[in-house]
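# Secondary and tertiary structure notes
Now for the letters of each chain:
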Amino acid sequence: MGIISWIIFGLIAGIIAKWIMPGKDGGGFIITVVLGIVGAVVGGWISTLFGFGKVDGFNFGSFVVAVIGAIVVLWVYRKVRT
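Only a predicted model underlies this, so the values are computations on that prediction, with no experimental measurement involved.

## Topic: a nonpolar patch on the surface
Together, F60, V64, I68, V72, W75, V76 and V80 make up a nonpolar patch on the protein surface, roughly 690 Å² of accessible area in all. Among the secondary structure elements, W75 is positioned in helix α3 (residues 60-81). Given the relative accessible area of 47%, W75 is considered partly exposed.

Have a look at this one:
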């Protein structure tokens with residue numbers, strides 16, 4: 001996937017993660033995008049590590065992995081900030 005695709009994919013994953021875990025995080029839109037992109041990468045790495053597959057395109061499995069990764073990254077971000 002190209003960099004623009006990763007940014008769009010991360011944006012969507014970050015927004016969904018923020019919707020699932022609402023709260024006051026600060027940083028706004030840019031932090032949401034960054035957390036989503038990092039979450040997609042972390043989710044892909046973790047799912048590959050455990051043998052569940054990888055983030056390899058715009059499909060439902062990759063989207064679920066990216067959202068779960070974004071939720072994990074958002075949770076860690078909140079723990080570090082407090």
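## Quick look at the nonpolar core
Note that soluble globular proteins tend to have their nonpolar side chains buried in a common cluster. Counting residues in hydrophobic clusters, the biggest one holds seven residues: F9, A13, A17, A40, A66, V67 and A70. If you list the elements that add at least two residues to this core, you get α1 (3-20) and α3. Setting aside residues no more than four positions away along its own chain, V67 makes contact with A13, I16, A17 and I20.

## Some words on the UniProt feature "transmembrane region" (unreviewed entry) in the protein
On the UniProt side, "transmembrane region" (unreviewed entry) is annotated at positions that read residues 6-21, 28-52 and 58-77 here. With 88% helix and 0% strand, residues 28-52 has end C-alpha atoms that lie 32 Å from one another. In residues 58-77, the share of helix is 90% and the share of strand is 0%. The end C-alpha atoms are 26 Å apart.

Reading the values: rules and limits
- Residues numbered from 1 in each chain as written.
- Predicted model: local features only at pLDDT ≥ 70, side-chain atom pairs only at ≥ 80, totals over all residues.
- Heavy atoms only, no water.
- Patch = residues over 30% accessible without salt bridge, like charges linked within 9 Å, V, L, I, M, F, W, Y side chains within 5 Å.
- Areas by Shrake-Rupley, 256 points an atom, 1.4 Å probe, with all protein chains shown as cover.
- Salt bridge = Lys/Arg side-chain N within 4 Å of Asp/Glu carboxyl O.
- Helix = DSSP H or I, 4+ residues; strand = E, 2+ residues; numbered from the N terminus.
- Buried < 20%, exposed > 50% of the residue type's maximum accessible area, 1.4 Å probe, protein only.
- Core = buried A, V, L, I, M, F, W, Y, C linked by side-chain atoms within 4.5 Å.
- Contact = heavy atoms within 4.5 Å.
- UniProt positions renumbered as here; feature names shortened; annotations may be inferred.

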